[in-house]
Amino acid sequence: MINITLPDSSVRQYEAGVTALDIARSISEGLARNVLSAKIDDEVWDATRAIRRDARVQLLTWNDTEGKATMWHSSAHLMAEAIEQLHPGVKFGIGPDIENGFYYDIDPGEKVITEADLVEIEKKMLELAKEKQVYQRTEVTKQEALKHFTEKGDEYKLELISELEDGTITFYKSGTFTDLCRGPHLPDTGFIKAVKLTSIAGAYWRGDEKRKQLTRIYGITFPKAKELEDYLILLEEAKKRDHRKLGKELELFTFSQKVGAGLPLWLPKGAELRERLEQYLKKVQKEAGYMPVITPHIGNVNLYKTSGHFDKYGADSFRPITTPVEGEAFFLKPMNCPHHCEIFSSKPHSYKDLPIRYAEFGTVYRYEQSGELHGLTRVRGFTQDDAHIFCTPDQIKSEFKAVIKIIMRIFKALDFKDFITQISLRDPNQPEKYIGSTENWEKAENAIREVAAEEGLNAIAVEGEAAFYGPKMDFMVRDALGRKWQLGTIQVDYNLPERFDLTYIGSDNEKHRPVMIHRAPFGSMERFVAVLIEHCAGKFPLWLAPEQVIILPISEKYQNYAEKVSQFLKNSDIRALIDDRSEKTGRKIRDAELRKIPFMLVVGEKEEAENAVSVRKQGSGDLGTFSLEAFATMINDEVKKLQENV
RNA sequence: GCCGAUGUAGCUCAGUGGUAGAGCGCUUCCUUGGUAAGGAAGAGGUCACGAGUUCAAUCCUCGUCAUUGGCUCCA
């Protein structure tokens, strides 16, 4: 007998060789029907795999992330089986579960799989699922594994097997499909009740752009048809928040082929919104001791040779601008830091001057690959809310913390709660990607780790995500469709000060090297506004809304009074406009609601007589009648509250 | 940059080898209306751009550009 400890700490005894499914059955049939897999100690196993030792067992169902993962991983196998039956000879790469579903990378040979094929594959999957094919796990030797896939002629699987150690290799077979796989899997395919193959895309084998591009098919499955329906509705809802759609509808920004791909044009309302964000940050930065600087949009190529940007990115940048002078060339600036280094160099500094904080809303230009452009989140010309802090080594941590404080203040003011804090480190396997000494890198990385720990940030460390000159702390937020974007960033840099030979005079009257902190709380105005639009679904906080109030006269007779209200609000620093169309009030209200204008003021005979307005709040309806003064006070108080909500 | 898809009126989209349609928006007129769509008329398109096939191309073929789902990249 073995002892099985359940999550509630109760211990039950079973025969050795018992399966998680048996355990579930011994608790209740209903539970057994829902068990997808099980966590045995800290490893997720098939629910049908024999347990031969004492263990902690947690049964996993659709309600568990790992349960879903099991479902989706098994679904990838099911899809592969369907594809193999419909298109014999297809070769398979990898087919993992992902955050929302699964994919399989396949090499269809001569055939091109298109979206039209997906419907057929879905149908086949459901057919096979109904057969309740059992997922059978077998342990195989490396030799057997190699033999199997040599016979099948699947070079991708052979490559994967060649990297595995003998004795750890398992196959899973379900129906007619056998795959190299670590598992775990569902007991059988019958759990898969609803299937949607969502998209098809090219994906390089092993993520290497020099290797063959396979066809990747993404899909998602559910244990109930209703859940699939709900998921699809959710996706539709998410699309409505897409900043590209809202940006157009709310007239915030646009693009023009004539201007060029990836070069955003801010429309008046978008510019209004952005300027308010900039003014807000300028105020915060002034309080925090930053000094404004302004630098040009181009810089001599030599500047970027010194900084290292030319070597690193020169080949993939906009071509240099040449001049009538032989050999002279300028670059569109891709970064503000080299310019700021030169500002620092413009005069000698004492340790007493440090830290020095230069801030600039600096517009930079980067030649992003054409396939990378995406709305406002990935563009070729954008404005960073950049600043560079030049400090002594022992000021790093306090300066770093002060920056975190600014970022948190902004995120809080805009109600960004779901962000990810990431420590972006070197890839230790690719030292050639970075400049500077190992010693400096370690110092910088340690400083960031220490700050993260001391500030109690729940940060995840990711290797290979650092900038080429230094490690970063990045603040990431997801867009409406779940894609992660980096917003705020703080970077510790020992390298540029060295390359620019920056110095300050210490108390010992010797020259010392300052450390540089690069930081941008918004990241870029473009990307930040994009994420902000999606975050609030276009319903901006009152202080940012390009149009705060719309006045709706009941009829033309009250046009004069509407003008008077408008003038009063403008004098009270409130952004108001009048809907003077010859339309009924219901229509004006509907249009204002759709334009997401925070407040609507209905004015007619009654309001004019009382010098009042009837207030309607976007999304929540009629608030009743207010005197003009009371309304203005209410708006101004709310704006003030929102801005100071920190 | 790579693989796939898409590009028709300001917007959302339908459509056809014989040079085009709807709804919304816009303009004008009627209507002067109290909390999510009042009525009528009208204007508006080189069907992304360039070649090719054809008697004839918005439609078929090729190329370019842009958008888009991913991959790769992201100072």
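Residues numbered from 1 in each chain as written. Chains lettered and ligands numbered in written order. Predicted model: local features only at pLDDT ≥ 70, side-chain atom pairs only at ≥ 80, totals over all residues. Heavy atoms only, no water.

### Considering the packing of aromatic side chains
Each aromatic ring pair is specified by the distance between its two centres and by the angle formed by the two planes.
In step 1: Evaluated as defined, the whole model comprises 25 aromatic pairs.
In step 2: Taking the centre distance of 5.7 Å and the plane angle of 85 degrees together, the rings of W62 and W72 count as edge-to-face. Placement of W62 in the loop between β7 (55-60) and α3 (65-86) and of W72 in helix α3 is noted, with a sequence separation of ten residues between them.
In step 3: The interplanar angle of 80 degrees and the centroid separation of 6.1 Å between the aromatic rings of F253 and F255 together place this pair among those described as edge-to-face.
In step 4: A cation over an aromatic ring shows up here: R216 above the ring of Y103, its NZ or CZ 3.7 Å from the ring centre.
In step 5: Lying across the ring of F310, K305 places its NZ or CZ 5.0 Å from the centre. (Phe/Tyr/Trp six-rings, centres within 6.5 Å; stacked < 30°, edge-to-face > 60°. Helix = DSSP H or I, 4+ residues; strand = E, 2+ residues; numbered from the N terminus. Lys NZ or Arg CZ within 6 Å of the ring centre and 35° of its normal.)

### Digging into the confidence of the model for chain A
Close inspection of predicted coordinates is inappropriate for parts of the model with low pLDDT.
In step 1: Of the residues in chain A, 100% reach a pLDDT of 70 or more, and the chain-wide mean stands at 95.
In step 2: Complex prediction metrics read pTM 0.95 and ipTM 0.95. (pLDDT = per-residue confidence, 0-100.)

### So, the sheet that holds strand β18 (residues 291-292)
In step 1: In space, the eight strands of this open sheet follow the order β18-β22-β23-β30-β27-β26-β24-β25, with mixed pairing throughout. Either end of the sheet is taken by a strand with one partner, and the two such strands are β18 and β25 (459-463).
In step 2: When strand β23 (residues 381-391) meets strand β30 (residues 515-520), the two strands line up antiparallel, connected through five bridges. Bridging across to β30, F390 finds its partner in M516.
In step 3: On top of the sheet, helix α9 (residues 268-287) reaches β22 (356-365), β23 and β30; it is set at about 160 degrees to β22, its chief contact. (Pairing = 2+ DSSP bridges. Contact = heavy atoms within 4.5 Å. Axes fitted to C-alpha atoms, helices over the stretch in contact; angles between N-to-C directions.)

### A few points about the side chain of K157
In step 1: Within the secondary structure, K157 sits in helix α6 (residues 155-162).
In step 2: At a separation of 2.9 Å, a polar atom in the side chain of K157 contacts the side chain of Y104.
In step 3: For K157, the residues in contact, after removing those within four places along its chain, are F92, G93, Y104, F149, D179 and L180. (Polar contact = N/O pair within 3.5 Å; in protein donor to acceptor, adjacent residues only side chain to side chain.)

### Some points on the nonpolar core
In step 1: In this structure, L277, F540, I551 and L569 are the most contacted members of the largest nonpolar core, which totals 77 residues.
In step 2: Apart from the residues within four sequence positions on either side, L569 is in contact with V549, I551, I574, A576, L601, F631 and A632.
In step 3: Core analysis: the second largest hydrophobic core is formed by 36 residues, A76, F92, A129 and L228 among them. (Core = buried A, V, L, I, M, F, W, Y, C linked by side-chain atoms within 4.5 Å. Buried < 20%, exposed > 50% of the residue type's maximum accessible area, 1.4 Å probe, protein only.)

### Overview of the protein's contact with RNA strand B
In step 1: Taken together, the neighbourhood of RNA strand B is formed by 55 residues, with M335, S370, E372, I554 and R587 sitting nearest.
In step 2: Within 4 Å of the protein, atoms of RNA strand B come from sugar and phosphate in 48% of cases.
In step 3: In this structure, a base oxygen belonging to RNA strand B sits 2.9 Å away from a side-chain N or O atom of R378.
In step 4: In this structure, S582 approaches RNA strand B through a side-chain N or O atom, which is 2.8 Å from a base oxygen.
In step 5: For the surface near RNA strand B, the elements supplying multiple residues, two or more each, are β14 (194-204), β15 (213-222), α8 (243-249), α11 (309-313), α18 (585-594), α19 (605-610) and β34 (612-617).
In step 6: The residue makeup of the surface near RNA strand B, split by class, is 16 nonpolar, 18 polar and 21 charged. (Near = heavy atom within 4 Å. Nonpolar A, V, L, I, M, F, W, Y, C, P; charged D, E, K, R; others polar.)

### Regarding the domain arrangement of chain A
In step 1: Under the domain assignment, chain A is made up of domain 1 (2-61), domain 2 (69-241), domain 3 (254-535) and domain 4 (549-645).
In step 2: Centre-to-centre, using C-alpha coordinates, domain 1 lies 51 Å away from domain 3. (Domains from an automatic or database assignment.)

### A short note on the pattern of salt bridges
Should the charged atoms of two oppositely charged side chains come close, the side chains can pair.
In step 1: Counting across every chain of the model gives 47 salt bridges.
In step 2: Of the charged contacts in the structure, one is a salt bridge between R216 and D105, with a shortest N-O distance of 2.6 Å. Remark: D105 occurs in strand β10 (residues 101-107) and R216 occurs in strand β15; sequence separation between them is 111 residues.
In step 3: What makes R216 buried here is its relative accessible area of 15%.
In step 4: In this structure, the salt-bridge partner of E163 is R206, at a minimum N-O distance of 2.7 Å. One end of the pair, E163, is in the loop between α6 and β12 (170-174); the other, R206, is in the loop between β14 and β15, and 43 residues separate them in sequence.
In step 5: Where salt bridges share partners, they join D41, D42, R53 and R56 into one cluster. (Salt bridge = Lys/Arg side-chain N within 4 Å of Asp/Glu carboxyl O.)

### Re the packing of α9 against helix α13 (residues 396-413)
Any two packed helices are characterised by the angle at which their axes cross and by the distance between the axes.
In step 1: Between α9 and α13, the shortest axis-to-axis distance is 11 Å and the interhelical angle comes to 145 degrees. In this structure, α9 crosses over α13, and the sense of that crossing is right-handed. Of the residues in α13, those in contact with Y280, L281, V284 and E287 of α9 are I406, R409, I410 and A413.
In step 2: For the contact of α9 with α13, the residue count by class is six nonpolar, no polar and two charged. (Left-handed = near helix turned anticlockwise from the far one by under 90°.)

### Some thoughts on the pairing of β15
In step 1: Judged by how many residues are buried, β15 sits mostly within the fold: eight of ten residues are covered.
In step 2: Direction of pairing for β10 relative to β15: antiparallel, over a ladder of five bridges. Looking at the pairing, I106 lines up with T215 of β15.

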